Amino acid sequence: MGGWTGVVALVILLTGALCGVHAVAAATRLPGTLEAGPFLSGAAPREHAVSRYHVRWYPVTLLFLAFDMEMIFMYPWAVVVAEVGASALAEMFAFLVLLMVGVGYAWREGAFRWT
Amino acid sequence: MDVSGRLLRYAAGRPRPLVVTAPHATGVRLLAEAEIGRRGWRPAEAPAGASLLVVCGIPEDALARAVRTVWHQIAAPKAFVPLSPDRTAEAVAAELDAAVSRLADARAQREEAVRVPYGEPRGRDGGGRGGAEHHGDEGHGGHEHDMGRPGGVRMAERGPDRDGLALDRLHVPLGPVLPYWPAGLVVETTLQGDVIQEAEVRIAGGAAGAHGARAGATRFWDEPWLAARAGWPVTRGAAARRTAGAQLDSLARLLATAGWAGAAAEARRLRDRVLGEGPREEVVRRYDRFARRVGRSRLLRWMLHDLGAIDAPGGTDVPGWARGDVLDRTRHRLAGTAAALAVLDDRSPLDDEEGPRGPVGGHPSEALLAVLPGLLTGAELAAARLIVASLDPDLDQVRPGRVTAHG
Amino acid sequence: MGETVAAVVLLAALAVLAAGAAAFDASLAAGRVAIGDPLREAARLLVTQRRRTLLPDAPLRRIGVSGLPLVAVLAAAVLPMGEHAVADLPVGVVWFNGMEVGVWGALWLIGWSVNSVYPLVGGYRFLAQGLAYELPHMFALISAALGAGSLRVADVVAAQRGLWFAVWMPVAFAVYLISALAMAFWGPMNQAVGPDVAGGVPAELSGPDRLVFQAGRYTLLTVASAAAVPLFLGGGAGPALPPWSWTLVKTVAVLALLVWAGHRLPTIRMDRFMAATWLVLIPAVLLQILVVGIVVL
């Protein structure tokens, strides 16, 4: 099974434990359901909090995606560097240097500043 | 076997207090904080995590409404601990003990759990949750359930932001019930994301109302100077204790807001020690260690510089110590504490006007509140909290009707 | 059968360690020994009546809250307790990484689901934090994988028989510790649950939800600490004692360090940290990978 039995066992056991916590709480908790407004320092909400949020670090997400895709290649690369030799190292770092140039450019453009 | 009752009794020994302070109740707040700290109770940061609501002083008007709303947001087991401003340390401890036994009382808690809040049917779908009395403010009934107002509350609407974009905005009041926040202060903000687009300062709790000016409206941090002015014999040492206590109290708020729980706790302990007539040598020794740790923290410097800068005064009467950024003000407070601790044993009579926040007669906190909206507009929520904590206006100083600042 | 027993042992070990972390944390906060406090808090949450915010998204909240301990435990599946892990996957390092990213989803879901502004802000704060810590974290993991020439955690341990990776990859180890704090949103990387936003993500959680959230957070911190042991601290290797006890001792040491750091340092805000992580941490750990690459050639 290559270890997957253990993973499945963990999921089942943990699910059981979580259900257990909720079951105990259901048996022991005080009666009634409190209908509370959201905490706003003691005020009532004027609108629902779920809204289109101003994500000002949006440029960083794009930069992250570029790097993250690259990471996918780096995992298998790490396994074969010793076999393939210096060329693997050189190629990967040429690629990384290109990416870092992009990071430098993004920094100069102010992608990491948003306040 | 009553498992529920046993768990209640077991849990009651470690309640999670949410402390609310009304203006003119600094003294009893210090007693409550010291007692809670001594018992090792961890304060709650929001009603959902709280089991005690400790109210220091007598809240009035808007603060009283806010306290009521927050009380109804706390799920049972819970206990209400009102502490009037004249309570002694022993009385505060007794009130907290009484609250613990109420928390452990299974029958009382079961009743509390199903108690219907004033005039509001329980379990009803839709509007009315979280303080129905506020719906009147907007001129809406609050009970309709149509498409545009699910649950009786609107969805966020868009408005222009600082960069010319049209973005959803939320109206979020900061204060009066908020941890590490000046008593009675309300900053009505309009948020887009976590950026404050507009800020407006109000006072909740009586200082601005008709009752604030009545006799007994104490100004705890300015007391020595006011007493000296009234002809009472006050020593410089006594005033220095108050100054050191005030600076440490403000530092504790700032450090707690900055997420440095350990240093904030030490600042509070030092504050209690210096106000509690602790011997100078011991206080100074502990303070030096504290000040070294805080003053040398590169991380703190990195996080606090270039926030909320107040430039040279352009016609404002902002006290000199408030100039500069949050980091400058923090350093000033550290230096101010050290200077005050140096003259703790000075027996000569007090003859100056320099209170912890500037000239006592000048009501310096009014000027701080006046510049606040400008500083907060365009700031991120985290920065805004640090700016307020670094200025730490004392609303006890503010005269009625003096504050309506917009930004 | 053996794997099921191992799963039970792992869960029990994590529960004990997480409870220990909570007790140490409570003691540091209270300024005295407060070992029973987390238990009393758990008891309080078990008797707390149900609490609902205005129009919450209950399924999302349930997924988020349950997801937190789930990803922590699944990430721990590949960590050897002594000699063997619950699941000795050939891509264990990637699995650990993949599970741990689930925290992003869990926190954001909770922040969004309760329809309250402070949790919402906290949830978005954690996403920004993720963008800052995740890449250095992955590069630190890759340093260890590269040093061993394998993605199997047991091979990483075996490769440290001569010298711990923490010794000759100090940059990667330091970056790993920072990212461990960040993934468990523990101080100083605790902006998502900061006191300045009334506790942030869990601000509206109460009862068993809050209990599971807190337990999940301590478990996450435990797992992040435990992963440092096979990746950088030689796993179960050590004199005299059996491997499982060395694993335990090293895990407790790292865990205690991280819990202590949370009380000792102020919160790091991402608006300041973001530039530093991209311009300092990432290049530094890339240079570390280059050094490791040259060594293994």
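The structure displayed is predicted, hence computed values, not measured ones. (Residues numbered from 1 in each chain as written. Chains lettered and ligands numbered in written order. Predicted model: local features only at pLDDT ≥ 70, side-chain atom pairs only at ≥ 80, totals over all residues.)

## Topic: the interface of chain C and chain B
Part 1 of the argument: Between chain C and chain B, the contact holds 43 residues from the first and 46 residues from the second.
Part 2 of the argument: Going through the elements one at a time, α1 (2–30), α2 (37–47), α5 (117–148), α10 (243–264) and α11 (270–296) of chain C are the ones with two or more residues in the side of chain C that touches chain B.
Part 3 of the argument: Take the side of chain C that touches chain B: its biggest share by element is seven residues, from α2(C).
Part 4 of the argument: A per-class count over the side of chain C that touches chain B returns 20 nonpolar, ten polar and 13 charged. (Contact = placed C-beta atoms within 7 Å. Helix = DSSP H or I, 4+ residues; strand = E, 2+ residues; numbered from the N terminus. Nonpolar A, V, L, I, M, F, W, Y, C, P; charged D, E, K, R; others polar.)

## Some details on helix α3 (residues 61–73) of chain B
Count 3.6 residues to each turn of an α-helix, and residues three or four apart come out pointing the same way.
All names here are of chain B.
Part 1 of the argument: Counted at 1.5 Å a residue, the expected span for α3 with its 13 residues is 18 Å, and the 19 Å between its end C-alpha atoms agrees.
Part 2 of the argument: Buried within α3 we find A62, L63, A66, V67, T69, V70, W71, H72 and Q73.
Part 3 of the argument: Where α3 is buried, its residues meet β1 (17–21), β2 (52–56) and β3 (79–83). (Expected span 1.5 Å × (residues − 1). Buried ≥ 20, exposed ≤ 12 C-beta atoms within 10 Å, placed from the backbone.)

## Section: the interface of chain A and chain C
Part 1 of the argument: Taken together, the contacts link 57 residues of chain A with 62 residues of chain C.
Part 2 of the argument: Sorting the residues of the side of chain A that touches chain C by element identifies α1 (4–28), β1 (33–35), α2 (58–84) and α3 (86–108) of chain A as the ones contributing at least two each.
Part 3 of the argument: No other element matches α1(A), which puts 14 residues into the side of chain A that touches chain C.
Part 4 of the argument: Its residues assigned to classes, the side of chain A that touches chain C shows 42 nonpolar, twelve polar and three charged.

## Points about the confidence of the model for chain C
Part 1 of the argument: When the pLDDT values of chain C are averaged, the result is 94; 100% of them are 70 or greater.
Part 2 of the argument: Interface predicted TM-score (ipTM) for the complex: 0.94; the corresponding pTM is 0.93. (pLDDT = per-residue confidence, 0-100.)

## Quick look at the environment of G295(B)
Residues and elements named next belong to chain B.
Part 1 of the argument: Counting through the fold element by element, G295 comes out in helix α9 (residues 280–295).
Part 2 of the argument: Judged by C-beta crowding, with 14 C-beta atoms within 10 Å, G295 ranks as partly exposed.
Part 3 of the argument: C-alpha separation for the pair G295 and R331, spaced 36 residues apart in sequence, amounts to 7.2 Å.

## Considering the sheet that holds β3(B)
Residues and elements named next belong to chain B.
Part 1 of the argument: Within the open sheet, the three strands sit side by side as β1-β2-β3. Their pairing is parallel. Of all the strands in the sheet, the pair left with one neighbour each is β1 and β3. Each strand of the sheet is rotated relative to its neighbour by a mean of 15°, with strand direction disregarded.
Part 2 of the argument: Where β1 and β2 come together, five bridges link them in parallel fashion. Paired with L18 across the bridge in β2 is L53. (Pairing = 2+ DSSP bridges. Axes fitted to C-alpha atoms, helices over the stretch in contact; angles between N-to-C directions.)

## Observations concerning helix α8 (residues 261–275) of chain B
Part 1 of the argument: The end-to-end C-alpha distance of α8(B), which contains 15 residues, comes to 21 Å, matching closely the 21 Å that a straight helix rising 1.5 Å per residue would cover.
Part 2 of the argument: A large share of α8(B) lies buried, amounting to eleven of its 15 residues.
Part 3 of the argument: Residues A261(B), A263(B), A264(B), E266(B), A267(B), R268(B), L270(B), R271(B), D272(B), V274(B) and L275(B) constitute the buried set of α8(B).
Part 4 of the argument: Against the buried residues of α8(B) lie α2 (26–39), α7 (236–257) and α9 of chain B together with α1 and α10 of chain C.
Part 5 of the argument: Of the residues flanking the end of α8(B), it is E277(B), one or two places downstream, whose phi is positive at about 60°.

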